[in-house]
Amino acid sequence: MVSCVSAQPIFDAHMHYSHDAWDVVPVQDVLAILKKAGVRRALISSSGDDGQQRLYRAAPEVIIPELRPYRSRSDVGTWFRGESVIPYLQERLSKFRYAGIGEFHLYGADADLPVPRRMVELARKFNLFLHAHSDIDAVERLFRQWPQARILWAHAGFERPERVAEMLKKHKNLWADLAFRTDHGSGGKVDAGWRAAFLQFPDRFMVGTDTYTPERWHYVGEHASWSRQWLSDLPRDVAERIAWKNGEQVFGSLLRPE
Ligand SMILES: [Zn+2]
């Protein structure tokens with residue numbers, strides 16, 4: 001039992017390798033951490049994209065890059081009004097390949113401001129996922145701007161499982177990551193409300209560590225073990241999907257050579 005649970009690979013759908021982590025946890029250390037934790041692939045974005053490009057060059061079979069509209073940490077609360085954000089995104093998109101744009105923080109009516117609208121247009125042009133740390137209102141606005149958008153809903157919006165399930169039912173192209181929340185599983189048991197959501201939508205959830213500070217990189221192994229524990233309380237095929245198969249299916253083929 002224990003050995004087969006620990007063998008469960010992990011697709012980590014919510015990681016960051018931002019500028020303040022590059023010296024603290026160098027590229028080779030990141031790759032060693034992922035390997036030791038059994039993370040077979042990871043969806044990673046960075047405030048300041050250069051570090052993650054180094055990461056991707058070192059291990060293109062492990063790293064799936066997303067383009068974040070933040071050049072530095074301080075852009076988090078202001079980017080959606082920042083005129084220079086779009087030229088920055090355009091410049092990066094012309095140089096590098098990505099699976100998505102995000103993770104970005106965007107709430108309510110701010111989603112309809114000019115900068116987010118132009119970001120969505122770029123995602124459409126380059127056929128990219130949107131990784132949105134957003135409330136329900138902003139997710140709805142993004143889908144209104146681009147009905148065919150594919151959105152990964154960061155932290156499942158920090159919403160209750162019943163609301164998450166409603167959104168997944170309403171939007172076929174919505175997936176949810178479970179990063180930075182613990183209410184769905186504790187002590188190796190899955191919460192009843194979440195169990196219902198996982199069983200209803202087994203192909204729409206992914207796990208994530210959210211390495212939003214450099215120190216969080218040293219938590220990746222522990223998070224993977226903790227994830228395997230609560231996942232083992234689900235039917236095996238559902239657990240496998242949430243642990244890695246969904247991420248692999250949705251993102252695994254997006255960066256194939258043209
Ligand atoms: Zn994050």
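One structure accompanies this document, and this report is about it. (Residues numbered from 1 in each chain as written. Predicted model: local features only at pLDDT ≥ 70, side-chain atom pairs only at ≥ 80, totals over all residues. Heavy atoms only, no water.)

1. Section: a nonpolar patch on the surface
So, point 1. On the surface, Phe-158, Phe-180 and Tyr-212 cluster together into a nonpolar patch covering about 290 Å² of accessible area.
So, point 2. With respect to the element layout, Tyr-212 can be found in the loop between strand S10 (205-206) and helix H9 (220-231).
So, point 3. By relative accessible area, which is 35% here, Tyr-212 ends up partly exposed. (Patch = residues over 30% accessible without salt bridge, like charges linked within 9 Å, V, L, I, M, F, W, Y side chains within 5 Å. Areas by Shrake-Rupley, 256 points an atom, 1.4 Å probe, with all protein chains shown as cover. Salt bridge = Lys/Arg side-chain N within 4 Å of Asp/Glu carboxyl O. Helix = DSSP H or I, 4+ residues; strand = E, 2+ residues; numbered from the N terminus. Buried < 20%, exposed > 50% of the residue type's maximum accessible area, 1.4 Å probe, protein only.)

2. A look at the coordination of the zinc ion
So, point 1. Within the protein, His-14 (NE2), His-16 (NE2), Glu-103 (OE) and Asp-210 (OD) serve as the donor atoms for the zinc ion, at 2.0 to 2.6 Å.
So, point 2. What the four donor atoms of the zinc ion show is an angle range of 83 to 166° at the metal, which sorts the shape as irregular.
So, point 3. Expressed as a motif, the donor residue spacing for the zinc ion is H-x1-H-x86-E-x106-D. Residue His-14 is found in strand S1 (residues 10-16), and its partner Asp-210 is found in the loop between S10 and H9; the two are separated by 196 residues along the sequence.
So, point 4. Under the relative-accessibility criterion, Asp-210 is labelled buried at 6%. (Donors = N, O, S within 2.8 Å, 3.2 Å for Na, K, Ca; no water. Tetrahedral: all angles 85-135°; square planar, octahedral: opposite > 155°, others 65-115°.)

3. Side note on the nonpolar core
Generally speaking, a soluble globular protein has its nonpolar side chains buried in company with each other.
So, point 1. If you look at the biggest cluster of nonpolar residues, it comprises 91 residues, and the most contacted ones within it are Phe-104, Phe-198, Phe-205, Trp-217, Trp-230, Ile-242 and Phe-251.
So, point 2. The element contributing the most residues to this core is helix H10 (residues 236-251), with seven residues.
So, point 3. Residue contacts for Phe-104: discarding those within four places in its chain leaves Pro-69, Tyr-70, Trp-79, Met-119, Leu-130, His-131, Ala-132, His-133, Ser-134 and Leu-142. (Core = buried A, V, L, I, M, F, W, Y, C linked by side-chain atoms within 4.5 Å. Contact = heavy atoms within 4.5 Å.)

4. Examining the packing of helix H2 (residues 27-37) against helix H3 (residues 50-58)
So, point 1. Following both chains from N to C, one finds H2 and H3 inclined at 60°, their axes separated by 10 Å at the closest point. Our classification of the angle between H2 and H3 gives oblique. For the pair H2 and H3, the sense of crossing is right-handed. Only Arg-54, Leu-55 and Ala-58 of H3 make contact with H2, whose side of the interface consists of Val-27, Gln-28, Val-30 and Leu-31.
So, point 2. Class assignment for the residues of the contact of H2 with H3 results in five nonpolar, one polar and one charged. (Axes fitted to C-alpha atoms, helices over the stretch in contact; angles between N-to-C directions. Parallel < 35°, antiparallel > 145°, perpendicular 65-115°, else oblique. Left-handed = near helix turned anticlockwise from the far one by under 90°. Nonpolar A, V, L, I, M, F, W, Y, C, P; charged D, E, K, R; others polar.)

By themselves, these observations are geometric and do not establish any function.
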